[in-house]
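Each chain, letter by letter, is given below.
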Amino acid sequence: MKSNYQNLIEELARLEIITDPGQVAKLSLDYYHFSPILEAQLQDKRADLVIRPHNSQEVIDIAKTCVKYQIPLTVRGAGTGNYGQCVPLQGGVILDTTKLTKIISIEPGTARVEAGVKMAFFDKQARAIGWELRMAPSTYRTATIGGFIGGGSVGMGSINYGQLKDRGNLQAVQLVTLEAEPKIIELRGDEVEKVNHAYGTNGIITELEIALAPCYPWAEFIVTFADFLTAAKFGQALSDSDGIVKKMVSVHSWPIPAYFTALKDYLTTGKAAVLLIVSDSDRVALESLIKEYNGELTYYKTPEETQKGNSILEFTWNHTTLHARSCNPKITYLQAFYFNLATVEKLHNYFGEEIMMHLEFLKFQGKVIPAGLPLLEFTTETRLNEIIAIYEQQGAAIANPHTYIMEDGGSRQINPLQLEFKQLVDPYGLNNPGKMRAWVEARG
Ligand code: FAD
């Protein structure tokens, strides 16, 4: 007798199906290995096969066949998530969206795209008419827009537009349900919260409408400072300077700059470094602020030059962890919201060399606050949890990146809206099973 998988492969034979074990293994993973805890939990998790739909009809066919044979289905964009969001815990099918690449429309302030469109590719097209993504992760060159909505939260641009979950940033979503007869559903306005940052547990997003920002002639700068706290104060002052248009302010305490080997000509041993993306039209004002804080401008890339080579974005946010780990694989990270510089200072002084701080400034409830992904050498899970507790006692908030359970990471709360929506669109619990705690608890 044929297995369910053989039946599925036969029925979907006209689609792009990958069964080669090496390829399937590669496409079953993401960057969970930044966490030694997740590394131990997820390293042997594999899908049985991968299918790459080329249009919404093929997505519907895959959903229908998975439901027919009760096979788990996990959606994958570029697989750059950090918490095993797209790692299939129970095998099954990986639906890879990287062939869903149509840009449907770009208009002033808004765009509609298929879920697999790469963020940097999209920006190139949008900039041609003076617009760009409001925010993007440091994995911007490879990440998909659908994957950012499913698993991401902040990035360059968040200094102006806050987090992905802030009302207005995601305008509408079209998705395919996992029912015997899959439906196409369109969510708009506040309804998008049902699937925003839901780790692909409640429906397969096929199209999205996203808000855009006006595009400026972005230039890149590196400024060094004698000490981290002065650099942090400069970062806050620049973030609060309404007359200077910026897209990213990222402050790094020594020794983090030592991990940026490709930038070594612009960094000085022992000094803090601030990496900036600022409108070139505001360069003179920026230089005055740098002078006020006794900083030294060591690197400047014009808007034309930023079109070539790697962006300094790729040293910030969680790319900082990537560079640090390439020098010392024992390094791991946390995700922190400090809310103010007093908390940054307290924690910096308290932990000394144990924690290497970098700050990324972002808009939170109308104010720009310091957040960031502090680095540390992993010793034990107990010590990691102690550090989280101390951070929280001192007034910071931690989004724990060492769990693949959705609710245990960021919000630490069950989202009844997302659970209710899952009951509707994924009644058999086939969609990325094991990631939504609310569902697991509701089903016993
Ligand atoms: P994937 O990893 O493929 O998927 C992410 C989640 O979304 C999974 O749960 C998946 O099932 C779900 N999903 C994907 N597509 C769909 C769909 N069509 N329908 C339903 N669900 C879907 N994140 C940030 O927020 N900011 C950062 O600055 C940042 N920097 C990073 C730096 C590094 C070095 C690394 C490794 C990661 C970083 N991340 C960051 C995390 C990650 O890169 C981003 O969240 C990225 O946007 C994920 O996109 P992706 O296409 O790779 O998604």
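Residues numbered from 1 in each chain as written. Predicted model: local features only at pLDDT ≥ 70, side-chain atom pairs only at ≥ 80, totals over all residues. Heavy atoms only, no water.

As recorded in an unreviewed UniProt entry, the protein chain goes by FAD linked oxidase-like protein and comes from Microcystis aeruginosa.

Enquirer: Would you take a moment to explain the overall build of the protein chain for this structure?
Expert: When you go through the protein chain residue by residue, the secondary structure sums to 15 helices and 20 strands. Buried positions account for 57% of the 444 residues belonging to the protein chain. Taking the contacts inside the protein chain whose residues are at least 6 apart along the sequence as the reference set, 71% of them involve residues at least 24 apart. Of the accessible surface of the protein chain, which amounts to about 18000 Å², a share of 51% is contributed by carbon and sulfur atoms. (Helix = DSSP H or I, 4+ residues; strand = E, 2+ residues; numbered from the N terminus. Buried < 20%, exposed > 50% of the residue type's maximum accessible area, 1.4 Å probe, protein only. Contact = heavy atoms within 4.5 Å. Areas by Shrake-Rupley, 256 points an atom, 1.4 Å probe, with all protein chains shown as cover.)

Enquirer: How do you make sense of the sheet that holds strand 13 (residues 272-279) when you look at a structure like this?
Expert: Strands in a sheet are paired, the pairing made by backbone hydrogen bonds, and the direction either parallel or antiparallel. Pairing is antiparallel across the open sheet formed by eight strands, whose spatial order is 14-11-13-12-17-18-16-20. Whereas interior strands pair on both sides, the edge strands pair on one side only; in this sheet they are strand 14 (296-301) and strand 20 (397-398). Direction of pairing for strand 16 (residues 336-337) relative to strand 18 (residues 367-372): antiparallel, over a ladder of two bridges. The residue bridging phenylalanine 337 from the neighbouring strand is alanine 371, located in strand 18. Strands strand 11 (218-225), strand 12 (246-252), strand 13, strand 17 (358-364) and strand 18 of the sheet are contacted by helix 8 (residues 228-240), whose axis makes an angle of about 170° with strand 12. Contacts between helix 9 (residues 283-292) and the sheet are confined to strand 11, strand 13 and strand 14, with strand 14 contributing the most and set at about 155° to the helix. (Pairing = 2+ DSSP bridges. Axes fitted to C-alpha atoms, helices over the stretch in contact; angles between N-to-C directions.)

Enquirer: Help me understand the packing of helix 8 against helix 11 (residues 341-351), please; the structure alone is not making it clear to me.
Expert: The description of two packed helices rests on the angle between their axes and on the distance between the axes. Their axes nearest at 11 Å, the elements helix 8 and helix 11 cross at an angle of 160°. Comparing their axes, helix 11 and helix 8 come out roughly antiparallel. Handedness of the crossing formed by helix 8 with helix 11: right-handed. Counting all contacts with helix 8, which are made through Phe228, Leu229, Ala232, Lys233 and Gln236, the residues of helix 11 involved are Leu341, Val344, Glu345, His348 and Asn349. Here the residues of the contact of helix 8 with helix 11 are counted per class, giving five nonpolar, three polar and two charged. (Parallel < 35°, antiparallel > 145°, perpendicular 65-115°, else oblique. Left-handed = near helix turned anticlockwise from the far one by under 90°. Nonpolar A, V, L, I, M, F, W, Y, C, P; charged D, E, K, R; others polar.)

Enquirer: Sorry if this is basic, but what is going on with helix 8 here?
Expert: Between the first and last C-alpha of helix 8 there are 18 Å, a value that for 13 residues agrees with the 18 Å anticipated at 1.5 Å per step. By the criterion of burial, helix 8 is predominantly enclosed, with ten of the 13 residues buried. Of the positions making up helix 8, those classed as buried are Phe228, Leu229, Ala231, Ala232, Phe234, Gly235, Gln236, Ala237, Leu238 and Ser239. One side-chain oxygen of the residue at the start of helix 8 lies 3.2 Å from the amide nitrogen of leucine 229, identifying that residue as aspartate 227. (Expected span 1.5 Å × (residues − 1). Polar contact = N/O pair within 3.5 Å; in protein donor to acceptor, adjacent residues only side chain to side chain.)

Enquirer: Which parts of the structure should I look at to understand the UniProt feature "domain: FAD-binding PCMH-type" (unreviewed entry) in the protein chain?
Expert: Under the UniProt annotation, the feature "domain: FAD-binding PCMH-type" (unreviewed entry) is placed at residues 43-215. Between the C-alpha atoms that bound residues 43-215 the distance is 41 Å, and the span itself is 19% helix and 28% strand. (UniProt positions renumbered as here; feature names shortened; annotations may be inferred.)

Enquirer: Just checking my understanding: could you explain unusual backbone geometry for this structure?
Expert: Trans peptide bonds make up the majority, and among non-glycine residues the majority have a negative phi. In this chain, tryptophan 254 is followed by proline 255 through a cis amide linkage whose omega measures 15°. At histidine 197, a residue that is not glycine, the phi angle is positive and equals roughly 55°. Considering the arrangement of structural elements, one finds histidine 197 in the loop between strand 9 (184-188) and strand 10 (204-214). A relative accessible area of 28% places histidine 197 in the partly exposed class. The phi torsion at asparagine 432 lies on the positive side, around 50°, for a residue other than glycine. For asparagine 432, the position within the fold is in the loop between helix 14 (416-425) and helix 15 (437-443). In this structure asparagine 432 comes out as buried when scored by relative accessible area, which is 1%.

Enquirer: I tried to follow the pattern of salt bridges on my own but got confused; where do I start?
Expert: Opposite charge on two side chains permits them to pair, given that their charged atoms come into close proximity. Scanning the entire structure with this criterion turns up 27 salt bridges. The partner of glutamate 209 in a salt bridge is arginine 188, and the shortest N-O contact between them spans 3.0 Å. Of this pair, glutamate 209 sits in strand 10 while arginine 188 sits in strand 9, and the two are 21 residues apart along the sequence. Of the charged contacts in the structure, one is a salt bridge between glutamate 386 and arginine 383, with a shortest N-O distance of 2.8 Å. (Salt bridge = Lys/Arg side-chain N within 4 Å of Asp/Glu carboxyl O.)

Enquirer: How should I be thinking about the domain arrangement of the protein chain in this particular structure?
Expert: Interface extent is often summarised as the accessible area lost during association of the parts. Each assigned domain of the protein chain is listed here: domain 1 (1-96), domain 2 (103-214 + 414-442) and domain 3 (218-399). Between the C-alpha centres of domain 1 and domain 3 the distance comes to 36 Å. On the side of domain 3, eleven residues touch domain 1, which itself brings eight residues to the contact. Of the roughly 760 Å² buried between domain 1 and domain 3, counting both surfaces, carbon and sulfur atoms make up 61%. Of all residues in domain 1, Phe34, Pro36 and Ile37 give up the largest surface area on contact with domain 3, accounting jointly for 68% of the area buried on that side. Remark: the boundary between domain 1 and domain 3 carries zero salt bridges. (Domains from an automatic or database assignment. Buried area = accessible area lost by both parts, 1.4 Å probe.)

Enquirer: Please clarify how the pairing of strand 18 should be interpreted in this entry.
Expert: For a regular strand, side chains alternate in direction, first toward one face of the sheet and then toward the other. Most of strand 18 sits inside the fold, with five of its six residues counted as buried. Pairing of strand 17 with strand 18 involves five bridges; the strand directions are antiparallel. Bridge pairing in strand 18 places lysine 363 opposite valine 368. Where strand 17 hands over to strand 18, the hairpin turn is made up of two residues, of which glutamine 365 adopts a positive phi near 50°.

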